[in-house]
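Listed below are the residues making up each chain.
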Amino acid sequence: PPLPPVCSWEFLSLVAMSIVGPYLFCCLTYAYHFSRLERTDVKMRILPQDIPKPEHRYDWRTALSRPEGISAVVGYIAVIILLGPVTQIYDVVPFAIKDLTPTIKPLVLLAYFLTFDFLMWCIHYCQHHWSWLYHHTHDQHHLIKSPTIVVALTGYLPDTCLLIIVPFHLTQVLVPFG
């Protein structure tokens, strides 16, 4: 079925889930990560320079609210919903998001993963081989010597836009029958 009317509880519920959902995913990921910090298993990071900074290990509240990471993705979702279904200014919501049919299409799902991964790889390759792009979008990523899941989900705004939002949108637009 198509998206419900904008002035309906169903639509507002979908918007709320699309905004809250990514944060819930991050919270669950953080809960898993931080619940395992005190384990006594063999540690992979045994040298002092390999130990993550305390703010990269324990400061999940700041990480969750930083606009460079998951908040940028949520902002992107909010903007495309406002431009398309809500205000009818410019509909950039991909068909795959508008179609709420609960059908799993394995080949389409595979096409999503392959397309998204390929686009991310191409952009990441360009960032490492084009000096200007590297220094203006990606070098912050390489300043972190020992990344953790907290760092992975926070990011740096230009890097998040190029490596997550652009491939996400292009994948939604390029993969047919989504």
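Scored by pLDDT, the chain has a mean of 77; 70% of the residues are at 70 or more. Across the chain, element-level confidence peaks in helix α6 (residues 106–129) with a mean pLDDT of 92 and bottoms out in helix α8 (residues 149–152) with 62.

The biggest cluster of nonpolar side chains holds eleven residues, and these are Phe11, Val15, Ala72, Val73, Tyr76, Ile77, Ile80, Ile81, Val92, Val93 and Ile165. When contributions to this core are tallied by element, the ones reaching two or more residues are α1 (9–35) and α4 (70–86). Broken down by element, this core gets its largest block of residues, six residues, from α4.

A few words on the environment of Ile70. Mapped onto the elements, Ile70 comes out in helix α4. The class for Ile70 is buried, based on a relative accessible area of 14%. Remark: the alpha-carbon pair of Ile70 and Leu157, spanning 87 residues in sequence, is separated by 9.9 Å.

Within helix α7 (residues 131–138), burial applies to Leu133, Thr137 and His138. Taken end-on, α7 shows its buried residues confined to a sector of 65°, consistent with a single buried face. Its buried side turned inward, α7 meets α6 and α9 (157–174).

Under the definition given, this model contains three aromatic pairs. Aromatic pair Tyr76 and Phe168: ring centres 5.9 Å apart, planes at 85°, arrangement edge-to-face. Of this pair, Tyr76 sits in helix α4 while Phe168 is found in helix α9, placing the two residues 92 residues apart along the sequence. On the basis of relative accessible area, Tyr76 is assigned to the buried category, the value being 12%.

So, how was this worked out
- Residues numbered from 1 in each chain as written.
- Predicted model: local features only at pLDDT ≥ 70, side-chain atom pairs only at ≥ 80, totals over all residues.
- Heavy atoms only, no water.
- pLDDT = per-residue confidence, 0-100.
- Helix = DSSP H or I, 4+ residues; strand = E, 2+ residues; numbered from the N terminus.
- Core = buried A, V, L, I, M, F, W, Y, C linked by side-chain atoms within 4.5 Å.
- Buried < 20%, exposed > 50% of the residue type's maximum accessible area, 1.4 Å probe, protein only.
- Arc of directions from axis to C-beta.
- Contact = heavy atoms within 4.5 Å.
- Phe/Tyr/Trp six-rings, centres within 6.5 Å; stacked < 30°, edge-to-face > 60°.

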